Amino acid sequence: MSYDPQGYWQERYRDASLRSSGHRDLPEAYNLWLYKRKRQVLQHAIRDLGRSISGARVLEVGVGLGAYVEFFRAAGAARFVGTDIVPHAVSLLRQRYSGVEFIERDVTEPGLRDAVGEFDLVAALDVFYHVVDDRKLVSALGFIAEALAPNGLLAIHDVFLHRPSEDHGYIRWRSLEDWERLLASANLVVADRRPIYFTMVQANETSSRFEAALLEALWRLAEPFRRRLPGVAGAAAFVLDNIAGFVRREGPSMELMLVRKRVGET
């Protein structure tokens, strides 16, 4: 059966909880810490490039149930627009956040800039691995590039494998090499890449068998705590991943990539 993105997310969003857009196999209290870590890494990466969310025009594609809306508003975004392919999600967000722009839109379809304008930051957070067709992803990247201001950034949360890309039906994990090729096709280049998780989610790719065994053992050891005390387990793993993030430049799972236009492109 072929993957139908709109139908898939329409079904997931029937449960309007954080697990619907986050990690389905983990409790909501634990997901709160996962999102906190992702927001923290995003803010630090933007700051390290000498940029700021404050005063920026921000577009979030695949806004879902709005896990980042308050983050961008609190950070001082001058304008925030969220798009999603699911009408139900867009309707819920319009009711929840009065005065904020939410648009039903598929980012793989043309006319993004004409519909929403130009932005200093476009966020595609846990979105692109659900665009399993490379041709559609190339289209999406091109349309986003058109909507980026000359000095704008595209933020991507994904897995950037150091092994060949993998197709899992409703998810496609792409290699770093494939990502760089796809970005280049849209005149985009990597400005920064850094790990998000080390212990907070299961490892996807490790540097050695020892690291794989260690992370798997830690994951299994923490399983009872994640189920019984998810908030405490999430907080503890958050601290561990913060520490690991200071000393490791490569991670075993999700990473953040900041992308910009090639010099000379508009």
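Right above here is the structure, for reference.
What counts, and where the lines are drawn
- Residues numbered from 1 in each chain as written.
- Predicted model: local features only at pLDDT ≥ 70, side-chain atom pairs only at ≥ 80, totals over all residues.
- Heavy atoms only, no water.
- Buried < 20%, exposed > 50% of the residue type's maximum accessible area, 1.4 Å probe, protein only.
- Helix = DSSP H or I, 4+ residues; strand = E, 2+ residues; numbered from the N terminus.
- Pairing = 2+ DSSP bridges.
- Axes fitted to C-alpha atoms, helices over the stretch in contact; angles between N-to-C directions.
- Parallel < 35°, antiparallel > 145°, perpendicular 65-115°, else oblique.
- Left-handed = near helix turned anticlockwise from the far one by under 90°.
- Contact = heavy atoms within 4.5 Å.
- Patch = residues over 30% accessible without salt bridge, like charges linked within 9 Å, V, L, I, M, F, W, Y side chains within 5 Å.
- Areas by Shrake-Rupley, 256 points an atom, 1.4 Å probe, with all protein chains shown as cover.
- Salt bridge = Lys/Arg side-chain N within 4 Å of Asp/Glu carboxyl O.

Draft legend 1. Spatial organisation of the pairing of strand E10 (residues 255-261). Burial runs high along E10: six of the seven residues are buried. Alignment of strand E5 (residues 148-158) against E10, held across six bridges, turns out to be antiparallel. Note on E10: the bridge partner recorded for Ile-156 is Met-257.

Draft legend 2. Quick peek at the sheet that holds strand E6 (residues 160-161). Strand order in the open sheet formed by three strands is E6-E8-E7, and the pairing between neighbours is mixed. Of all the strands in the sheet, the pair left with one neighbour each is E6 and strand E7 (166-167). Of the pairings in the sheet, the one linking E6 to strand E8 (residues 172-175) comprises two bridges and is parallel in character. Note that in E8 the partner of Phe-160 across the bridge is Arg-174.

Draft legend 3. The arrangement of the packing of helix H7 (residues 134-147) against helix H8 (residues 176-185) in detail. The contact between H7 and H8 brings their axes to 8 Å, and the two run at 50°. Overall, the two elements H7 and H8 adopt an arrangement that is oblique. Handedness of the crossing formed by H7 with H8: right-handed. Contact residues: Asp-134, Leu-137, Val-138 and Leu-141 in H7; Trp-179, Arg-181, Leu-182, Leu-183 and Ser-185 in H8.

Draft legend 4. Spotlight on a nonpolar patch on the surface. A cluster of nonpolar residues, Phe-210, Leu-214, Leu-218 and Leu-221, forms a patch on the protein surface that exposes about 440 Å² of accessible area. If you trace the backbone, Leu-221 turns up in helix H9 (residues 209-228). Residue class for Leu-221 comes out exposed when judged on its relative accessible area of 61%.

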